[in-house]
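Residue strings, one per chain:
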Amino acid sequence: MKLAPLGFVVRRVRNNLWELPWTHVLTAATMATTLFVFGAFMLLQENLQNLLKAWGEQIQVNAYLDKSLDAADVQRLLARVRTFPEVEGVRHISQEQAWRDFQAALGAQSGVLEGLPQDVLPASFEIKIRENFRDGPMIEDFVNRLKREKGIALVEYPQEWVDRLSLVVLAVQWVKWIFGGALFLATFFIVESTVKLALLARRDEIEIMQLVGASEAMIQAPFVVEGMIQGIAGATLSILGLWFTFQWLRNEIPTFGLLGPFSQFHFLNARHIALMLAIGWLLGAAGSLFSLRRFIKTW
Amino acid sequence: MIQLFHVFKTYPPNSQALNDISLEIDKGEFVFLTGPSGAGKTTLLKLLFREEEPTNGQILLNGQNINRLNRRGVARLRRQIGLVFQEFKLLPRLTALENVALAAEVVGTSKNGSHTKAYHLLRELGLKEKYTAKPLTLSGGEQQRVAIARAVVNDPMLLLADEPTGNLDAEIADETMRMFLKIRERGTTIIIASHNLELIKRYGTRIISLRHGFVADDLQKVVRHEGMH
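None of these values were measured; they are calculated from a predicted model. (Residues numbered from 1 in each chain as written. Chains lettered and ligands numbered in written order. Predicted model: local features only at pLDDT ≥ 70, side-chain atom pairs only at ≥ 80, totals over all residues.)

J.: Teacher, can you tell me more about the interface of chain A and chain B here?
T.: It is common to give the size of an interface as the accessible area lost on bringing the parts into contact. Residue-level contacts link 14 residues of chain A with 18 residues of chain B. Where the side of chain A that touches chain B is concerned, the elements lending two or more residues are helix H1 (6-19), helix H7 (203-211) and helix H8 (216-252) of chain A. The element best represented in the side of chain A that touches chain B is H1 of chain A, accounting for four residues. For the side of chain A that touches chain B, a count of residues per class yields seven nonpolar, three polar and four charged. (Contact = placed C-beta atoms within 7 Å. Helix = DSSP H or I, 4+ residues; strand = E, 2+ residues; numbered from the N terminus. Nonpolar A, V, L, I, M, F, W, Y, C, P; charged D, E, K, R; others polar.)

Right, dumping it as structure tokens:
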């Protein structure tokens, strides 16, 4: 398709925006409403993902060491454990440290420990797992390999918790694609229908343009540019709407039940805002183009 | 200039609008297509500006088979044809000047060039004071003059008018016809579909009568028009 003259398109778009403001406002408002729902889903999904990531970071494997190891053995074992690909970081808890931690944990009841030898608790490694390996079977595999290491007496990790978290992460991923995809399609069809209705009111214009010999590009370009402007305006409105709703919720609902305080939730980042604007832009352009195809008679 | 060879047009399921039409129209001819409603006048015009395609037969315009044109070709064809309709088909949001200039702009004339051309044409057609008016504030005759100005702004080789005086009173209809004659003087071929016998008698130099999709008559006569040389 040949490009339409820029000056012609700019003039037509400017005149149309000026002369048909309500048509454009209504179309942009419909886009804003549908994109608001889409953005809200994105916001929820992103925060849930962050929350799951934060929970995942709490997963740690505790490897208790043989009491027979001397300091050099412990350092060697520590270096060895750090070479495992699953390991993000290792903290060595000495027997003395373990005793102090235990006392601190007991607080006022720490008196019950009186008389016990201070080396009753074993030294251990607290191992943090890399994000890509925080999955039930992977951790299990890592733990089994760790158990076979000489000098490690016992390995513990919250297996049930890890399994549940893996399941939730998987579910969120699926919901993201299925629900997100369906929502995107619904948004597209709503936008397309709205644009179609707006075009219906201007079908005479299309017909006359065809009769005077305007090329397809000249007929379509102003409508597509108007669609893009409506899309970006709609997306901007939806982002503003989301931001105000987010702020209102933050003030009205300080905690979010089991999910914790609202303050840990974040608004859409720059990448997501750019994505919303791009989706608005694309939907506006594609909606116009698809609707126009049905209006422009096949010669 | 225009050649039709055994042209048929059938609308589904089985409505025969045109039946074996063969015609030749030369450059600069002033032709009336006449006949009762449903005779096929509008269909024939639609075939000429490729709004529709014939079911059978060929239509040549300056030797080019217009049935073979692709979409881009159709747009190019229409830039050489001026169209005037009974219901004017003007854009209500645009002024008289903008309506005329639009047709010039789509063929690539600059904004200033289009507006200048449109202004001169409207002045020529007696609408000097109305060029900033929107179509709905104009009388029927004035709207038709704007439509005529739009049709001729690109100096078309062919002007097709479908019942151009259908919505006008006798005096304005007469005036409109005189405009068409003036346009013909530039060398434009003009084909007017009409069933206004008064006008046809007074202005027709060639009268093609259609009946039930057939050419019933094709008369050529020499006519002297008042005010014409």
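J.: Looking at this model, I keep getting lost on helix H6 (residues 159-200) of chain A. Mind explaining?
T.: Since there are 3.6 residues in each turn of an α-helix, residues three or four apart along the chain are aligned in direction. Residue and element names in this part refer to chain A. In a regular helix each residue adds 1.5 Å, so 42 residues correspond to 62 Å; H6 covers 61 Å between its end C-alpha atoms and thus fits that length. Those residues of H6 lying buried are Val162, Thr187, Val191, Thr194, Val195, Ala198 and Leu199. The elements touched by buried residues of H6 are helix H2 (21-57), helix H5 (136-147), H7, H8 and helix H9 (270-295). (Expected span 1.5 Å × (residues − 1). Buried ≥ 20, exposed ≤ 12 C-beta atoms within 10 Å, placed from the backbone.)

J.: Would you mind going over the packing of H2 of chain A against H8 of chain A with me for this structure?
T.: The angle between the axes and the distance between the axes are what describe a pair of packed helices. Residue and element names in this part refer to chain A. Two elements in contact, H2 and H8, have axes separated by 7 Å at closest approach and are oriented at 50°. One element, H2, and the other, H8, form an angle in the oblique class. At the point where H2 passes H8, the crossing takes the right-handed sense. Every residue of H8 that contacts H2 at His24, Thr27, Ala28, Met31, Ala32, Leu35, Phe36, Gly39, Ala40 and Leu43 is listed here: Glu226, Gln230, Gly231, Ala233, Gly234, Ala235, Leu237, Ser238, Ile239, Gly241 and Leu242. Tallied by class, residues from the contact of H2 with H8 come to twelve nonpolar, eight polar and one charged. (Axes fitted to C-alpha atoms, helices over the stretch in contact; angles between N-to-C directions. Parallel < 35°, antiparallel > 145°, perpendicular 65-115°, else oblique. Left-handed = near helix turned anticlockwise from the far one by under 90°.)

J.: Help me out: how do you make sense of the environment of His6 of chain B in this one?
T.: Residue and element names in this part refer to chain B. Tracing the sequence through the fold places His6 in strand S1 (residues 2-11). Residue His6 is classed as exposed on the basis of its C-beta count, with 12 C-beta atoms lying within 10 Å. Here the alpha-carbon distance between His6 and Gln16, two residues ten residues apart in the chain, equals 14 Å. The contact partners of His6, leaving out residues within four places of it in the chain, are Asp20, Ser22, Asn56 and Gly57.

J.: What am I meant to see in the packing of helix H5 (residues 140-152) of chain B against helix H6 (residues 170-184) of chain B here?
T.: Residues and elements named next belong to chain B. Closest axis-to-axis distance for the H5/H6 pair is 10 Å, and the angle between their directions is 15°. Between H5 and H6, the angle is such that the two are roughly parallel. Crossing of H5 against H6: the hand is right-handed. Taking contact as the criterion, the partners of Gly141, Gln144, Ile148 and Val152 in H5 are, on H6, Ile172, Glu175, Thr176, Met179 and Ile183. For the contact of H5 with H6, the per-class residue count stands at five nonpolar, three polar and one charged.

J.: Help me out: how do you make sense of the pairing of strand S6 (residues 81-85) of chain B in this one?
T.: All names here are of chain B. By the criterion of burial, S6 is predominantly enclosed, with five of the five residues buried. Residue alternation in S6 divides its side chains into two sets, Ile81, Leu83 and Phe85 and Gly82 and Val84, and both sets are buried. Across five bridges, S6 lies against strand S7 (residues 158-162) in parallel orientation. Bridged to Phe85 within S7 is Asp162. (Pairing = 2+ DSSP bridges.)

J.: Help me out: how do you make sense of the sheet that holds S7 of chain B in this one?
T.: Two orientations exist for strands paired in a sheet by backbone hydrogen bonds: parallel and antiparallel. All names here are of chain B. The strand order S6-S7-S8-S3-S9-S10 describes an open sheet built from six strands, whose pairing is mixed. Every interior strand has two partners, whereas the edge strands, S6 and strand S10 (214-220), have only one. Along the sheet, successive strands turn relative to each other by an average axial angle of 15°, direction set aside. By the bridge criterion, four bridges tie strand S3 (residues 30-34) to strand S8 (residues 189-193) in an arrangement that is parallel. Bridge assignment links Phe30 to a residue of S8, and that residue is Ile190. Its contacts with the sheet place H6 against S3, S7 and S8, and it is angled at close to 155° to S8.

J.: What should I look at first to understand unusual backbone geometry in this one?
T.: For residues that are not glycine, phi is negative in most cases, and the peptide bond is trans in most cases. All names here are of chain B. The residue after Pro12, namely Pro13, is reached through a cis peptide bond having omega 0°. Note that Pro13 resides in the loop between S1 and strand S2 (15-25). One non-glycine residue, Glu163, adopts positive backbone phi at about 45°. Tracing the chain through its elements places Glu163 in the loop between S7 and H6. Assessed through the 19 C-beta atoms surrounding it within 10 Å, Glu163 is described here as partly exposed. One non-glycine residue, His212, lies in positive phi territory at about 50°. Here His212 lies in the loop between strand S9 (206-211) and S10.

J.: Would you mind showing me how to read the confidence of the model for chain B here?
T.: Detail in the predicted coordinates should be disregarded across regions flagged by low pLDDT. Looking at chain B, the pLDDT average stands at 89 and 96% of residues meet or exceed 70. In the model output, the complex is listed with pTM 0.74 alongside ipTM 0.85. (pLDDT = per-residue confidence, 0-100.)

J.: Teacher, can you tell me more about the sheet that holds strand S2 (residues 87-93) of chain A here?
T.: Residues and elements named next belong to chain A. The antiparallel open sheet is built from four strands, whose spatial order is S2-S3-S1-S4. One side of each edge strand has no neighbouring strand; the edge strands of this open sheet are S2 and strand S4 (152-156). Averaged over all neighbouring strand pairs, the angle between strand axes comes to 20°, with direction disregarded. Judged from the six bridges that link them, S2 and strand S3 (residues 124-129) form a sheet pairing that is antiparallel. Along S3, the bridge assignment pairs Arg91 with Glu126.

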